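# Per-entry structural report
The lines below spell out each chain.
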Amino acid sequence: MSKNKYDARIEPYTHPAAGWGALKQVAVNLIRERVPGGNYRTLLKQNQPDGFDCPGCAWPDRAHTSTFEFCENGVKAVAAESTSKRATPEFFAQRTVADLMRESDYTLEAYGRLTDPMVYSAASDTYLPISWDDAFAMIATHLRALDDPNEAAFYTSGRASNEAAFLYQLFVRMFGTNNFPDCSNMCHEPTSRGLPKTVGIGKGTVTLDDFTQCDTLLIFGQNPATNHPRMLGELREVSRRGATIVSINPLRERGLERFASPSHPAEMLTMGSTPISSVFIRPTLGGDFALIKAVAKRVLELDDAALERGTPRVLDVAFIDAHTTGFDAFAADLRAEDWTVLVDESGVSREDIERLSTIYVNGERVIATWGMGLTQHRHAVATIQMLSNLMMMRGNIGRPGAGLCPVRGHSNVQGDRTMGIEEKPAAAFLDRLGRVFAFEPPRAHGYDVVETIQAMLDRKVKVFIGLGGNFAIATPDTPRTWAALESCALTVHVTTKLNRSHLVHGRDALILPTLGRTEIDMQNGVAQGVTVEDSMSMVHLSYGMNKPASPNLLSEIAIVALMAQATLGPGTADWRGYIDDYATIRDAIAQVIDGFEDFNARVAHPGGFHLGVASRERVWKTASGKAAFIAHAVDRDTPIHRARARHGQRLMTLMTTRSHDQYNTTIYGQDDRYRGVFGQRRVVFAHRDDIAMLGFKDGDWVDLTSVWDDGIERRAARFRLVEYDIPRGCLGAYYPETNPLIPLESIAIGAGTPSSKSIPVLLDATSDAPVEQPYFPD
Ligand SMILES: Nc1nc2c(c(=O)[nH]1)N[C@H]1C(S)=C(S)[C@@H](COP(=O)(O)OP(=O)(O)OC[C@H]3O[C@@H](n4cnc5c(=O)[nH]c(N)nc54)[C@H](O)[C@@H]3O)O[C@H]1N2
Ligand SMILES: Nc1nc2c(c(=O)[nH]1)N[C@H]1C(S)=C(S)[C@@H](COP(=O)(O)OP(=O)(O)OC[C@H]3O[C@@H](n4cnc5c(=O)[nH]c(N)nc54)[C@H](O)[C@@H]3O)O[C@H]1N2
Ligand SMILES: [Mo]
């Protein structure tokens, strides 16, 4: 009997990625959101020179001048924003917050766009309309009443434009804190913390042009068919040129096997497709560190052999000598490392390690890309530094067709960081900001996401303001995070749609509805554009073109500026002037942030401009002025090792990942087409032999409990077991349903990123007794 109102259908997906299935999904989403006919034209302006930047992912576009770049998930993101459904004050009048709490996250967002600013009333347990002025006054009163500015935290989700982010950090620093928890803390933070120590800057070193020149592409822990569908177009070309593409992933993601391009009619009509990855290397969850170290060790062995034979060196000795430090210590550590440990910890056979090493050394121009499969682990920083080491061994950084390519998530998450959304800001940046705006910025480092939650629990943070996002759901340890938010005196969300974070609120609470990126942003009779920076450091303008969802919306920029003006007073900066003309914000950015000189003129150029990344030019902004090899030992005493020592084989490692039908916490539907799951999100993927070993069978219902030594029970109930091609000892399930299982303390060392892809868990049979399940009822 199904334990859920949805009946799941599980069937293998046998088609290429994208193709006709994707086109069908586009139509379904436009119809479901009742996107008005006129707005179909919206899609034709997506990522066009005079259009808006897709609010989907951070993958770049070919100079923003290509013909319509088709992407099913981009269309879903746009359709979600262009919906004709509305959550109005009348809607809120009919439902208490307690009523809304019983709705699923899918249903909450499906109510459509928010139309008016709303304030929580404890008397009626409802949200009531409030004027914008009163809302800003309420925020100002709360902020000014704090004993210390560090008692407020200011979250950002990576859709905010550069201009909004810049004003936000200016306001918050003038207010007096660096408490900037940011979605990137949960995402590519290990990249941003790890790379500066090796190559001097926490950004990727490649552009799209490098993809046209690489001969080898290593894709680590990334599912582009779902999360960066426009990347598939690039992969298709790379594959057609005959370059080798290797996918390093515990799952053999279907979307990395074959791709039928909707932009190429012949491929669609003939039902043809292009093969993508030719090689699949499948580490155990979190095994990448040991795997990459093993490949590095093998490269050294191959170099030793070449030296002995007198054949050309395998190492790029000239690069290592001229550009790096630390090689000898790094090499000594590799030589001392035990092969058995590397094989055991990576879960990859010696043969596969050698195969991958041979591919790597045969490549003359190698790009390594990575996503959440590398970053959301305890040792993520070490893993990314090891990858950088490996690439440096053969000089694969800072030359055409080669380099490091972290693939970011939110469409402007990289830009927000560039603008100073950073809880640990560099002193030089603060100096300049203080000089340009004539104030003394706070110097103490602020809280990241996990530290903010802890600080709320400790009553050290009392006001939470969120510029976008869904803090209550995207974060780990859900019950504790909710208790943390509920302990606040004030919670404020600048947002487009209703979500759970608005319902798990402080004593006072505000919902401030804002324009989305697809909408016309008219100020003083002039349509304003905003800028964003993609994953490859291209900065460009974005203009909305739809009529705003409601006449009562303000832009994010206006909301931030008016919040600042109400809190700090009008004389503190030209807040009004910034709202009137966004070009004046760009002038301010040009004064404060490196690489933005002459910003307005350069960004007017079709396609925008490349920000310049020093490591790409082999300029190393490290302490020594050189790129650094960094040795790291394999850690064999992690919480997972300890839990396995206690529970033996029954202990499983769980990854939480995205389905094809979601954008982070926004759930579009119940299907995960490429993985063959339909009508159900409460599934857990497991290896056939593990299912049998645990005494279950495919289709059984199980509960998951995490193993963590702090006496807190963390349980997520009612998941359907699905037999899946996944390594032994590993489980896969969807985010955010499984977030209650992630202990707040389970983070990447040196980055604070929740280790959402390696959670030690045990399974039990779901009992028939009704369970209290307050989270994410489907
Ligand atoms: N449609 C859509 N697009 C999105 C998003 C979305 O939710 N929906 N989210 C956006 C955001 S914010 C982000 S950050 C990106 C995320 O994009 P991705 O980085 O692709 O994120 P995930 O889907 O979480 O996981 C990626 C892959 O990591 C693999 N993996 C898990 N653990 C490991 C491991 O230990 N080692 C290795 N090698 N692989 C592993 C999984 O099997 C999966 O294929 O996408 C962005 N784009
Ligand atoms: N277990 C687990 N947890 C994870 C992850 C994981 O893989 N596993 N991934 C992590 C990652 S990579 C990320 S980036 C975070 C994401 O964390 P967030 O960025 O906080 O979450 P989103 O779901 O992207 O936020 C969606 C909400 O943003 C609002 N929104 C949408 N568009 C706009 C806009 O234009 N302006 C404003 N102001 N608001 C808007 C809408 O109200 C919507 O409900 O989650 C992290 N959490
Ligand atoms: Mo992300």
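This text gives an overview of the structure that appears in the document.

Scoring rules and cut-offs
Residues numbered from 1 in each chain as written. Chains lettered and ligands numbered in written order. Predicted model: local features only at pLDDT ≥ 70, side-chain atom pairs only at ≥ 80, totals over all residues. Heavy atoms only, no water. Helix = DSSP H or I, 4+ residues; strand = E, 2+ residues; numbered from the N terminus. Near = heavy atom within 4 Å. Polar contact = N/O pair within 3.5 Å; in protein donor to acceptor, adjacent residues only side chain to side chain. Areas by Shrake-Rupley, 256 points an atom, 1.4 Å probe, with all protein chains shown as cover. Nonpolar A, V, L, I, M, F, W, Y, C, P; charged D, E, K, R; others polar. Domains from an automatic or database assignment. Pairing = 2+ DSSP bridges. Axes fitted to C-alpha atoms, helices over the stretch in contact; angles between N-to-C directions. Contact = heavy atoms within 4.5 Å. Core = buried A, V, L, I, M, F, W, Y, C linked by side-chain atoms within 4.5 Å. Buried < 20%, exposed > 50% of the residue type's maximum accessible area, 1.4 Å probe, protein only. Salt bridge = Lys/Arg side-chain N within 4 Å of Asp/Glu carboxyl O. 1 Å grid on protein atoms, 1.4 Å probe; cavity = no way out; pocket = protein on both sides within 12 Å on 5 of 7 lines; lining within 4 Å. Points joined across faces, edges and corners; volume = space filled by probe spheres on them.

Let us look at unusual backbone geometry. In this structure, the amide linkage connecting Y735 to the following residue, P736, adopts the cis form with an omega of 5°. Here P736 is to be found in the loop between β32 (730-734) and β33 (759-765). Even without a glycine there, the phi angle at N524 is positive, about 60°. Mapped onto the elements of the fold, N524 is located in the loop between β19 (522-523) and β20 (526-527). Residue D598 is not a glycine yet carries a positive backbone phi of 60°. Along the chain, D598 turns up in the loop between α28 (582-592) and α29 (599-604).

The next point concerns the site of ligand 1. With respect to spatial proximity, 30 residues lie near ligand 1, and among them E253, G286, D288, Q662 and N664 are the closest. Within the backbone of N227, an N or O atom sits 2.8 Å from a nitrogen atom of ligand 1. Contacts to ligand 1 include K757, whose side-chain N or O atom sits 2.8 Å from an oxygen atom. With the chains in place, 99% of the 920 Å² that ligand 1 exposes on its own is no longer accessible. Here the shell around ligand 1 is built from residues that sort into nine nonpolar, 17 polar and four charged. Looking at which domains feed residues into the shell around ligand 1, each of domain 2 (189-406) and domain 3 (639-765) supplies at least three.

Below, the discussion takes up the sheet that holds strand β9 (residues 244-248). Taking strand neighbours across the sheet as the criterion, the five strands line up as β12-β9-β8-β14-β15 in an open arrangement whose pairing is parallel. With partners counted over all chains shown, the strands left at the sheet margins are β12 (279-281) and β15 (403-406), one partner each. Within this sheet the neighbouring strands show an average axis-to-axis angle of 20°, counted without direction. Judged from the four bridges that link them, strand β14 (residues 366-370) and β15 form a sheet pairing that is parallel. Across the sheet, residue T369 finds its bridge partner in β15, namely C405. Seen against the sheet, helix α20 (residues 380-393) touches β8 (216-220), β14 and β15 and runs at an angle of roughly 175° to β14.

This part is about the nonpolar core. In terms of nonpolar packing, the biggest core is built from 65 residues, with I139, L143, F154, F166, F437 and W575 touching the most fellow members. Top element by residues in this core is helix α8 (residues 162-175). It accounts for 10 residues. Beyond its immediate stretch of four places on either side in the chain, F166 contacts M419, L433, F437, I585, A588, I589, V592 and I593. In this structure, A306, F330, L356 and I397 belong to the second largest nonpolar core, which totals 53 residues.

In the neighbourhood of ligand 2, 31 residues make up the surrounding shell, with E109, Y155, T495, E556 and T665 lying closest. Residue T496 places a side-chain N or O atom 3.3 Å away from a nitrogen atom belonging to ligand 2. In the model, an oxygen atom of ligand 2 is placed 2.7 Å from a nitrogen or oxygen of the Y735 side chain. In isolation ligand 2 offers 930 Å² of accessible surface; the protein chains occlude 96% of this area. Each of two domains, domain 1 (114-186 + 413-597) and domain 3 (639-765), supplies a minimum of three residues to the shell around ligand 2.

Pairs can form between side chains of opposite charge whenever their charged atoms are close. Under the counting rule described, the total for this entry stands at 50 salt bridges. Across the salt bridge formed by D105 and R500, the nearest N and O atoms sit 3.0 Å from each other. Here R500 lies in the loop between β17 (490-495) and β18 (508-513) and D105 lies in helix α6 (residues 105-110), a separation of 395 residues in the sequence. Under the relative-accessibility criterion, R500 is labelled buried at 0%. In this structure, R313 and D303 form a salt bridge, with 2.9 Å as the shortest nitrogen-oxygen distance. With a gap of 10 residues between them, R313 in the loop between α14 (288-309) and α15 (317-323) and D303 in helix α14 connect regions that are remote in the sequence. The partly exposed category is assigned to R313, whose relative accessible area is 38%. By relative accessible area, D303 is classed as buried at 2%. Several salt bridges converge on common partners, so that one network encompasses D182, E189, R193, R417, E422, E423 and K424.

Let us look at the layout of surface pockets. For the largest pocket, the calculated volume is near 1200 Å³. Lining the largest pocket we find 31 residues, and of these I201, G202, K203, T418 and A426 sit closest to its centre. Going through the elements one at a time, α9 (189-199), α21 (413-418) and α22 (427-437) are the ones with two or more residues in the lining of the largest pocket. Ranked by residues supplied to the lining of the largest pocket, first place goes to α9 with four residues. Looking at the lining of the largest pocket, its residues break down into 12 nonpolar, nine polar and 10 charged. Shared between two domains, the lining of the largest pocket holds at least three residues of each, these being domain 1 (114-186 + 413-597) and domain 2 (189-406). Counted as a void, the second largest pocket has a volume near 870 Å³. Lining the second largest pocket are 38 residues, and of these L285, E345, I640, H641 and R644 lie nearest its centre. Among the secondary structure elements, those contributing two or more residues to the lining of the second largest pocket are α14, α17 (339-346), α20, α30 (639-647) and α31 (688-693).

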